[in-house]
Amino acid sequence: MAVSLKKPVFYELEIKKSRFLAWVEPVADAEAAKARLAACRSAHPGARHICFVFSVPGTSGMSDDGEPSGTAAKPMVNVLNHKGLVSVMAIVVRYFGGIKLGAGGLSRAYGGAVAKALEQAEYQAVERQWLILIRCPFALESQIRRVCETYQVALLEVQYGQAVSASLQVADSIKTDLVSALQATAPGNSEFIVQVAG
């Protein structure tokens, strides 16, 4: 099973007068990663480089931000992959100290800062999430909502047209039971559709 972090971790490293500030934190999606990166850029306008990597379901991203290619983001990715982390982002801010570190020194600094930050991390298992699409007559909506409350999931993107359409995001551990409970609210009703989209 994949793992992520329970909360953000931070580590600061100084090598030959260059400061490396490293954050590793859980992120839900690419938008959250981009927002976190923008906040970091605003908080550190004087930094020479702000390198990052993120991996979330369906996409990932990385940048050496002006460091020689392969000397920043790649070592950071390697550390995250070695730990089997998903839904996570690492950012390393470098304040240049005036002494060049060389490609090997940069790789060790960026990868090392992330590895040191992760020494303080608390990990948690990440379950696969499923998207369930629902379409039902208006008369069934309150029953559907009661089933969802029982399983502590919320109806998302509820739309009212000729019928009620909505979606649910549910963990793998409750998917089968929840789908069965939903289908049991109106067995044989052809207007009630429950579809697992993946």
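The structure presented is a predicted model; accordingly, all values stated were derived computationally and were not measured.

Trainee: How should the pattern of salt bridges be read in this particular structure?
Mentor: Pairing of side chains with opposite charge becomes possible as their charged atoms draw close. Following the criterion strictly, the structure yields six salt bridges and no others. Across the pair K7 and E122 runs a salt bridge whose closest N-O atoms are separated by 3.3 Å. With K7 in the loop between β1 (3–5) and β2 (9–15) and E122 in the loop between α3 (102–118) and β7 (123–125), the pair connects residues that are 115 residues apart, well separated along the chain. On the accessibility criterion, E122 (37% relative accessible area) is partly exposed. With its nearest N and O atoms 3.0 Å apart, the salt bridge here joins E141 to R145. Of the two residues, E141 and R145 are both situated in helix α4 (residues 141–150); the distance of four residues between them amounts to about one turn of the helix.

Trainee: What am I meant to see in the sheet that holds β2 here?
Mentor: Each strand in a sheet pairs with its neighbour through backbone hydrogen bonds, running either in the same direction (parallel) or in the opposite one (antiparallel). Strands sit in the order β2-β3-β6-β4-β5 across an open sheet of five strands; the sheet is antiparallel. Unpaired on one side and paired on the other, β2 and β5 (59–63) mark the two borders of the sheet. Along the sheet, successive strands turn relative to each other by an average axial angle of 10°, direction set aside. Note: strand β3 (residues 18–26) against strand β6 (residues 88–95), eight bridges, orientation antiparallel.

Cut-off values and rules
- Residues numbered from 1 in each chain as written.
- Predicted model: local features only at pLDDT ≥ 70, side-chain atom pairs only at ≥ 80, totals over all residues.
- Heavy atoms only, no water.
- Salt bridge = Lys/Arg side-chain N within 4 Å of Asp/Glu carboxyl O.
- Helix = DSSP H or I, 4+ residues; strand = E, 2+ residues; numbered from the N terminus.
- Buried < 20%, exposed > 50% of the residue type's maximum accessible area, 1.4 Å probe, protein only.
- Pairing = 2+ DSSP bridges.
- Axes fitted to C-alpha atoms, helices over the stretch in contact; angles between N-to-C directions.

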